[in-house]
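Residues per chain, in single letters:
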Amino acid sequence: MAELRKVFAETLEELMIKNQDVVYLEADLAGAIGTSHLFHKFPNQAFDVGIMEANMVGIGAGMSVKGKIPFVHSFGTFTSRRCADQTFLSGCYNRANLKIIGSDPGITAEANGGTHMPFEDIAIYRAFPGIKILDVAEPVLLRGMLKKIVEEYGVFYLRFPRKQAEAYYEENQEFQIGKGVVVRDGCDATIIASGIEVYESILAAEELAKENISVRVVDMFTIKPLDTKLIIKCAKETGAVVTAENHNKIGGLGSAVAEVLSENIQVPLSRVGIPDCFGEVGSRDFLSHKFGISKEYIKDSVKKVLEKKTDV
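Residues numbered from 1 in each chain as written. Predicted model: local features only at pLDDT ≥ 70, side-chain atom pairs only at ≥ 80, totals over all residues. Heavy atoms only, no water.

**Side note on the overall build of the chain**
Piece 1. Within the chain, the secondary structure is distributed over 13 helices and 14 strands.
Piece 2. Compactness check: the chain gives a C-alpha radius of gyration of 19 Å against a globular reference of 20 Å for 312 residues, within 12% of the reference.
Piece 3. Oriented by its inertia axes, the alpha-carbon framework of the chain measures out at about 60 × 40 × 35 Å.
Piece 4. Counting only residues that meet the buried cut, the chain has 59% of its 312 residues in that class.
Piece 5. For the chain, restricting intrachain contacts to residue pairs at least 6 apart in sequence, the fraction spanning at least 24 positions comes to 78%.
Piece 6. Of the accessible surface of the chain, which amounts to about 12,800 Å², a share of 50% is contributed by carbon and sulfur atoms.
Piece 7. For the chain, the distance from the average site of its 36 positive side-chain charges to the average site of its 42 negative ones is 3 Å. (Helix = DSSP H or I, 4+ residues; strand = E, 2+ residues; numbered from the N terminus. Rg over C-alpha atoms; globule rule 2.2 N^0.38 Å. Buried < 20%, exposed > 50% of the residue type's maximum accessible area, 1.4 Å probe, protein only. Contact = heavy atoms within 4.5 Å. Areas by Shrake-Rupley, 256 points an atom, 1.4 Å probe, with all protein chains shown as cover. Lys, Arg positive; Asp, Glu negative; His and termini not counted. Charge placed at Lys NZ, Arg CZ, Asp CG, Glu CD.)

**Quick word on helix H10 (residues 228–238)**
Piece 1. Considered for burial, the residues of H10 that qualify are Leu230, Ile231, Ile232, Cys234, Ala235 and Thr238.
Piece 2. Just downstream of H10, glycine 239 is the residue with a positive phi angle, here 75 degrees.

**What to know about helix H4 (residues 53–65)**
Counting along an α-helix, one turn takes 3.6 residues, and residues three or four places apart therefore face a common direction.
Piece 1. Spanning 13 residues, H4 covers 19 Å between terminal C-alpha atoms, matching the ideal 18 Å at 1.5 Å per step.
Piece 2. Within H4, burial applies to Glu53, Ala54, Met56, Val57, Gly60, Ala61, Met63 and Ser64.
Piece 3. On its buried face, H4 is in contact with strand S2 (22–26), strand S3 (46–48), strand S4 (69–75), helix H5 (76–82), helix H6 (84–93) and strand S5 (98–103).
Piece 4. Note on H4: the residue one or two positions beyond its end, glycine 67, has a positive phi of about 95 degrees. (Expected span 1.5 Å × (residues − 1).)

**What about the layout of surface pockets?**
Piece 1. In this structure, the largest pocket encloses a volume near 260 Å³.
Piece 2. For the largest pocket, the lining is made up of 19 residues, of which Glu166, Ile196, Tyr199, Glu200 and Arg284 are closest to its centre.
Piece 3. Listing elements by their share of the lining of the largest pocket, those giving two or more residues are strand S8 (164–165), helix H9 (197–209), helix H12 (284–290) and helix H13 (295–311).
Piece 4. Per-element tally for the lining of the largest pocket: the top contributor is H12, with four residues.
Piece 5. Taken together, the residues that form the lining of the largest pocket break down as seven nonpolar, five polar and seven charged. (1 Å grid on protein atoms, 1.4 Å probe; cavity = no way out; pocket = protein on both sides within 12 Å on 5 of 7 lines; lining within 4 Å. Points joined across faces, edges and corners; volume = space filled by probe spheres on them. Nonpolar A, V, L, I, M, F, W, Y, C, P; charged D, E, K, R; others polar.)

**Concerning the pairing of strand S11 (residues 215–219)**
Note on strand geometry: in a regular strand, side chains alternate between the two faces of the sheet.
Piece 1. With five of five residues buried, S11 is to be regarded as a mostly interior element.
Piece 2. Across the two faces of S11 the burial is the same, with Val215, Val217 and Asp219 and Arg216 and Val218 all buried.
Piece 3. Bridge analysis of strand S9 (residues 181–184) against S11 gives three bridges, and the strand direction is antiparallel. Its bridge partner being in S11, arginine 184 is matched across the sheet by valine 217.
Piece 4. Where strand S10 (residues 189–193) meets S11, five bridges bridge the pair, whose relative direction is parallel. What sits directly across from alanine 193, in S11, is aspartate 219. (Pairing = 2+ DSSP bridges.)

**Some words on a nonpolar patch on the surface**
Piece 1. Judged by side-chain polarity, Phe88, Leu89 and Tyr93 come together as a nonpolar surface patch covering roughly 320 Å² of accessible area.
Piece 2. In this structure, tyrosine 93 sits in helix H6. (Patch = residues over 30% accessible without salt bridge, like charges linked within 9 Å, V, L, I, M, F, W, Y side chains within 5 Å. Salt bridge = Lys/Arg side-chain N within 4 Å of Asp/Glu carboxyl O.)

**Here's the deal with the sheet that holds S2**
Piece 1. Spatially, S3-S2-S4-S5-S7-S6-S12 is the arrangement adopted by the seven strands of the open sheet, whose pairing is mixed. Edge positions in the open sheet fall to S3 and strand S12 (222–224), since each of these has one partner strand only. Each adjacent strand pair in this sheet contributes to an overall mean axis angle of 20 degrees, direction not counted.
Piece 2. As paired elements, S5 and strand S7 (residues 155–160) share six bridges and run parallel to each other. Considered in S7, the bridge of glycine 102 is made with arginine 159.
Piece 3. Strands S2, S3, S4 and S5 of the sheet are contacted by H4, whose axis makes an angle of about 170 degrees with S4. (Axes fitted to C-alpha atoms, helices over the stretch in contact; angles between N-to-C directions.)

**Here we look at the side chain of threonine 222**
Piece 1. Tracing the chain through its elements places threonine 222 in strand S12.
Piece 2. For threonine 222, a relative accessible area of 1% gives the class buried.
Piece 3. In this structure, threonine 222 is in contact with Ile133, Leu134, Gln176, Ile177, Gly178 and Lys179, ignoring residues within four places of it in sequence.

**Regarding the pattern of salt bridges**
Piece 1. Here the structure, examined in full by the defined rule, presents 20 salt bridges.
Piece 2. Among the ionic pairs, arginine 5 bridges to glutamate 3, the shortest N-O distance being 3.3 Å.
Piece 3. For the salt bridge of aspartate 104 with arginine 162, the shortest nitrogen-to-oxygen distance reads 2.8 Å. Highlighted residues: aspartate 104 in the loop between S5 and helix H7 (121–126) and arginine 162 in the loop between S7 and S8, separated in sequence by 58 residues. We note that aspartate 104, like arginine 162, is buried.
Piece 4. Residues participating in the shared-partner salt-bridge network are Asp185, Arg216, Lys233 and Glu237.

As structure tokens, this is what we get:
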């Protein structure tokens, strides 16, 4: 287990030491994300713009024009909905070099409730030309992706939960933006998951194995660009696909995978995700069951696609 906000703050500090062009803009949430010390250590690289998220994105985009590499952070609900126009025009349209960090995506907002619970952030940003979207909830992967995006020019939207997360990668694991990772192999069906749903999918696959159901689990941490080759390969080899995401079923990972399958290979598909609704206050465990994205729902979805697979 590791606290992801600590991983974020430590990695960002490393990047700022290594390259003085790396700058950090914060929207009055330094205490929540664990970056308060950066403002004292890097007075010329770290800036708190206050509760003005849209302006923050605009400032970051402007700084990138001058050669800086800006990381801008707020809760995911604000760096998506509230900053959409600035991200589109000042970021993507302007071909800026901008790293947008949205913390506490989906149900991981927990006690902050529906107003702070982004179920639609990926859907919003998927339609923006040129943007790259990452959904991460594992410490080794988060560290690796932060180091990757600082080197790759362009607009990124990276969402991750602030709190504790299970580690399922070795420290020396290599990652590539736009390429999924098979974290567990299997032959009966494939679960393509992202964010917190990867670990839920691993748990579901372990329990299904006790019922002699062999399930492959793919961490599709890059939602855009999507690893279409891996999706098609898994669909061909296992003949059934389940997607699992901490996001509205509309417009997220499930929709993206469905688009790939519909255009390339016809196999049974089931999507595990948030129904078309608003969030609410609750613990992660409560909300996971409330909105149908726990390991139990993933297991049921695998069994349903296997039934469809048999009927084909």
